[in-house]
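Take a look at the letters that make up each chain.
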Amino acid sequence: MGSALLRMALRLVMPLTDLPVAIVTFVFTVTGVSLAMGLLPLFLVGLPLFIWIGAIARAMATFECKRMRLFLDIEIPRPTPRPRGWKATLKHAPTWRAIAYHIVQLPLAVLTFCVTVAGLGVAVALISMPGWVGRVPAKRADLWALTVSDKPTAWAVAGVGVLLAVVVFGLTYGLTSAEGALARALLGVSAGELAQRH
């Protein structure tokens, strides 16, 4: 029971880390790849910069795999080690997948963060309404078309808040599972890499 509650709590905390991590990795990746591509005509500048960006993208991918293990309890097998030489780096599929992951992850992280934070914020406000509705200066709460000014209505709204919290948790569970599936698909070992290992 305690382990299940911990897993549930980690699922709810994960979206709070999604947005800052996704912003940092997205900005670094897009800026770095754009800069390296722009400097590619200057062979001696663009190519070493891209190799450096690829190495950092792989390091950020390793961090993401550890984050997925912590929050979602999924083990993502790491792909082949760092390639040797600039030609091998340019052909290294795990590097390109790591770059793609850092770009694609941002929209999903934003959605997960917004749904979780906004949904749970509204749910907590509704659930706590019986405790505060009579204590605010207006002695009422305006919820779009509904004005709550008495305790029975506040308790009914609190029940709606509990239902909303359950729905938000379900959405958060689904969105974090999608993040885990994306990480497993792009950051893990591909079928071709598994065939090469055996």
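To be clear, the structure that these remarks concern was listed above.
Numbering of residues begins from 1 in every chain and follows the order in which that chain's sequence is written. It should be noted that, the model being predicted, local features are given only for residues of pLDDT at least 70 and side-chain atom pairs only at 80 or more, the latter also being counted only at that level, while totals for whole chains, interfaces and linings use all residues. Water and hydrogen atoms play no part in the side-chain values, which are based on all heavy atoms of the structure.

1. Digging into helix 4 (residues 93–127)
Logical step 1: Between its terminal C-alpha atoms helix 4 stretches 49 Å, which fits the 51 Å expected from 35 residues at 1.5 Å a residue.
Logical step 2: Maximum bend of helix 4: about 35°, positioned at Gln105, with proline Pro107 one to four residues after it. In this description a helix means any DSSP run of H or I spanning at least four residues, a strand means any run of E spanning at least two, and both kinds are numbered starting from the N terminus. The span expected for a helix works out to 1.5 Å for each residue beyond the first. To get the bend at a residue, fit one axis to the 7 residues ending there and another to the 7 starting there, then take the angle between the axes.

2. Some remarks on the packing of helix 1 (residues 2–38) against helix 6 (residues 151–187)
Logical step 1: Between N-to-C directions, angles cover 0 to 180 degrees, with each direction set by a line fitted to C-alpha atoms, over the stretch in contact for helices. The geometry of helix 1 relative to helix 6 is characterised by a closest axis approach of 10 Å and an angle of 65° between their N-to-C directions. With respect to each other, helix 1 and helix 6 are oriented roughly perpendicular. Here helix 1 and helix 6 pass one another in a crossing that is left-handed. Here Met8, Arg11, Leu12, Met14, Pro15 and Asp18 of helix 1 lie close against helix 6, whose contacting residues are Phe169, Thr172, Tyr173, Thr176, Ser177 and Glu179.
Logical step 2: We call Asp, Glu, Lys and Arg charged. Ala, Val, Leu, Ile, Met, Phe, Trp, Tyr, Cys and Pro are nonpolar, and the rest, Gly among them, are polar. Residue composition of the contact of helix 1 with helix 6, by class: six nonpolar, three polar and three charged. The labels follow the angle: roughly parallel below 35 degrees, roughly antiparallel above 145, roughly perpendicular from 65 to 115, and oblique for the rest. Left-handed describes a crossing whose near helix is turned anticlockwise from the far helix through less than a right angle; right-handed describes the clockwise counterpart. Every residue pair with non-hydrogen atoms within 4.5 Å of one another is taken to be in contact.

3. A few points about the packing of helix 4 against helix 6
Logical step 1: It is the contact of helix 4 with helix 6, at a shortest axis distance of 8 Å, that shows an interaxial angle of 170°. For the element pair helix 4 / helix 6, the angle class is roughly antiparallel.
Logical step 2: Split by residue class, the contact of helix 4 with helix 6 holds 27 nonpolar, seven polar and two charged.

4. Focus: the nonpolar core
In a soluble, globular protein the nonpolar side chains are often hidden away together inside.
Logical step 1: Residues belong to one nonpolar core when they are buried, are Ala, Val, Leu, Ile, Met, Phe, Trp, Tyr or Cys, and are joined through side-chain atoms within 4.5 Å. Accessible area is worked out with a 1.4 Å probe on protein chains only. A residue is then buried under 20% of its type maximum, exposed over 50%, and partly exposed in between. Counting residues in hydrophobic clusters, the biggest one holds 23 residues, and the most contacted among them are Met68, Leu72, Ile76, Tyr101, Ala183 and Leu187.
Logical step 2: For this core, the secondary-structure elements that each account for two or more residues are helix 1, helix 2 (43–72), helix 4 and helix 6.
Logical step 3: Excluding residues that lie within four positions of it along the chain, Tyr101 makes contacts with Glu64, Met68, Leu182, Ala183, Leu186 and Leu187.
Logical step 4: Grouped together as the second largest cluster of nonpolar side chains are eight residues, Leu126, Val133, Val148 and Ala154 included.

5. Structural notes on the environment of Thr89
Logical step 1: Examined against the element boundaries, Thr89 turns out to sit in helix 3 (residues 86–91).
Logical step 2: Sequence-distant contacts of Thr89, defined by excluding residues within four places in its chain, comprise Ile51, Pro83 and Trp96.

6. Examining the packing of aromatic side chains
Logical step 1: Each Phe, Tyr or Trp ring (for Trp, its six-membered ring) is paired with any other whose centre lies within 6.5 Å, and the angle between the two planes then decides the class: stacked below 30 degrees, edge-to-face above 60, tilted in between. Tallied over the full model, the rule gives three aromatic pairs.
Logical step 2: With centroids separated by 6.0 Å and ring planes inclined at 70°, the aromatic side chains of Phe28 and Trp52 adopt a geometry described as edge-to-face. One end of the pair, Phe28, is in helix 1; the other, Trp52, is in helix 2, and 24 residues separate them in sequence.
Logical step 3: What makes Phe28 partly exposed here is its relative accessible area of 24%.
Logical step 4: Plain terms: the ring middles of Phe169 and Tyr173 are 6.4 Å apart, the flat faces sit at 50° to each other, and that makes the pair tilted. Linking Phe169 with Tyr173, this pair stays in helix 6, spanning four residues, or about one helical turn.
Logical step 5: With a relative accessible area of 41%, Tyr173 lands in the partly exposed category.

7. Some remarks on a nonpolar patch on the surface
Logical step 1: Grouping into patches uses exposed residues only, defined as over 30% relative accessible area, and leaves out salt-bridged ones; the cut-off is 9 Å for like charges and 5 Å for nonpolar side chains (Val, Leu, Ile, Met, Phe, Trp, Tyr). The protein chains shown are the only cover counted for residues, whose accessible areas, like all others here, come from Shrake-Rupley with a 1.4 Å probe. The term salt bridge refers to a side-chain nitrogen of Lys or Arg lying within 4 Å of a carboxyl oxygen of Asp or Glu. A contiguous nonpolar surface patch, about 230 Å² in accessible area, is contributed by Val13, Leu16 and Val117.
Logical step 2: Here Val117 is to be found in helix 4.
Logical step 3: Residue Val117 is classed as partly exposed on the basis of its relative accessible area of 37%.

8. Here we look at unusual backbone geometry
Logical step 1: Although it is not a glycine, Asp73 sits at a positive phi angle of roughly 60°.
Logical step 2: With respect to the secondary-structure elements, Asp73 resides in the loop between helix 2 and helix 3.
Logical step 3: For Trp144, which is not glycine, the phi dihedral falls at a positive 50°.

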